[in-house]
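Observations on the three-dimensional arrangement
Here is what each chain is made of, one letter per residue.
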Amino acid sequence: MLIKTHANGFDHPVPSEITPQGIYRSRRELIKLMAAGTAGAALASWAGREALAQTPQKPGKLAALPGGKSAVAGALTMEKITDYKDASSYNNFYEFGTDKADPARNAHTLVTKPWSVAVEGLVKNPKTFTLEELLKLSPQEERIYRLRCVEGWSMVIPWVGYSLSELIKKVEPLGNAKYVEFITQADPKTMPFVGSRVLDWPYVEALRLDEAMHPLALLTFGMYGEVLPNQNGAPVRMVLPWKYGFKSGKSIVKIRFTDKQPRTAWNKSAAQEYGFYSNVNPSVDHPRWSQATERRIGEDGLFAKKRKTLMFNGYEAQVGQLYAGMDLKKDF
Ligand code: MTE
């Protein structure tokens, strides 16, 4: 068996890695809101607000999306949080171009209002949810997760959302549902690279149903206490911290339950390089590069050392059992 489980499942930070006071602007405000018991009310009023249109793309200028502190084990790392500027300007979102600067440059054309997500396939209660309905489905939580990209860089981001399992429970998957597919919007009018041959659009990602039910799988509406900027997958995306970043589909319009393993965008494009599972695994290299280390965005400088990549991106204690008995070299 390939799975080892750490005794306690948590990483121990060195003092220099702890987020200094004041770096993460909204944390204090969130705590205040929570203490006053107004976080829920603030969210409800936010849901109907015009600010949802999120035209200004400057850090700290988007609509607030307060979330209570998460009770989910593994949702908090004591590592330094990536600067908002880096997290919102160094992205992959191929619908807007293949350069890391393209999404921030081009995603202003994405229209996020009105927005709805069709939940369909092998479920008892299929339903098309408006964004406002989705926002109110369960309390928003703030979760600080590492995101490790398959290309070898990583970030630490305070996301806001709730476990996807809350939505799954509402629609009640049928007994033969085994997989969940996440389909991104593909509108050539507002997404300039849809239509290019770089991928087979729409961007599709998928999970096994038990992975999708895991509490760490976050249906995400915000980051840094605000709604998602367009380039980060507004208005709703997945965040799966134990998997390579490309598994976390952005700007989702459809969630479909199936009995067969879906073909995903990157798997279709290069199956030998991007497997269905794509769990972060430092001992299984990408065919063209090692996955043993990573560069933390914001730490690049002449003397910045690379970090060792952790099994399941450091979430082994939480998710390891999902893969017990599997050969992760074969099911990469
Ligand atoms: N989702 C869509 N629809 N299109 C994409 O190109 N890129 C993926 C993922 N989700 C991508 C996507 C990749 S490769 C990464 S690393 C993450 O988004 C980047 O997410 P970030 O904006 O949080 O950095």
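We now turn to the structure provided with this report. (Residues numbered from 1 in each chain as written. Predicted model: local features only at pLDDT ≥ 70, side-chain atom pairs only at ≥ 80, totals over all residues. Heavy atoms only, no water.)

**Here's the deal with the overall build of the protein chain**
Each helix and strand in the protein chain was counted, giving 9 helices and 13 strands. Counting only residues that meet the buried cut, the protein chain has 55% of its 332 residues in that class. For the protein chain, the share of sequence-separated contacts (at least 6 apart) that also reach a separation of at least 24 residues comes to 74%. With the model as given, the accessible surface of the protein chain reaches about 14900 Å², and the carbon-plus-sulfur share is 56%. (Helix = DSSP H or I, 4+ residues; strand = E, 2+ residues; numbered from the N terminus. Buried < 20%, exposed > 50% of the residue type's maximum accessible area, 1.4 Å probe, protein only. Contact = heavy atoms within 4.5 Å. Areas by Shrake-Rupley, 256 points an atom, 1.4 Å probe, with all protein chains shown as cover.)

**Considerations on the sheet that holds strand β3 (residues 127–130)**
Ordered in space as β3-β2-β11-β6-β7, the 5 strands form an open sheet in which the pairing is mixed. Each edge of the sheet is formed by a strand with only one pairing partner; in this case those strands are β3 and β7 (204–208). Here the average twist between neighbouring strands, direction ignored, is 15 degrees. Pairing of strand β2 (residues 116–121) with β3 involves 4 bridges; the strand directions are antiparallel. Bridge assignment links V119 to a residue of β3, and that residue is K127. (Pairing = 2+ DSSP bridges. Axes fitted to C-alpha atoms, helices over the stretch in contact; angles between N-to-C directions.)

**Thoughts on the nonpolar core**
In this structure, W242, I255 and F257 are the most contacted members of the largest nonpolar core, which totals 88 residues. The element best represented in this core is strand β5 (residues 153–163), accounting for 7 residues. When sequence neighbours within four positions are dropped, the list of residues in contact with W242 reads E211, H214, L216, A217, N279, V280, F312, N313, Y315, V319, L322 and Y323. (Core = buried A, V, L, I, M, F, W, Y, C linked by side-chain atoms within 4.5 Å.)

**Observations concerning the site of the ligand**
Every one of the 17 residues lining the ligand counts as a neighbour, but N91, Y94, E95, S248 and K250 are closest to it. In the environment of the ligand, an oxygen atom lies 2.7 Å from a nitrogen or oxygen atom belonging to the backbone of Y94. One of the side-chain nitrogen or oxygen atoms of T184 is found 3.1 Å away from a nitrogen atom of the ligand. Within the complex, the protein chains bury 99% of what would otherwise be the 530 Å² of accessible surface of the ligand. Among the residues making up the shell around the ligand, the classes are represented as 7 nonpolar, 7 polar and 3 charged. (Near = heavy atom within 4 Å. Polar contact = N/O pair within 3.5 Å; in protein donor to acceptor, adjacent residues only side chain to side chain. Nonpolar A, V, L, I, M, F, W, Y, C, P; charged D, E, K, R; others polar.)

**Observations concerning helix α6 (residues 164–171)**
Of all the residues in α6, the buried ones are L164, S165, L167, I168 and V171. Projection of α6 onto a plane perpendicular to its axis shows the buried side chains occupying an angular sector of 160 degrees, all on one side. In the stretch just after α6, E172 is the one whose phi turns positive, near 55 degrees. (Arc of directions from axis to C-beta.)

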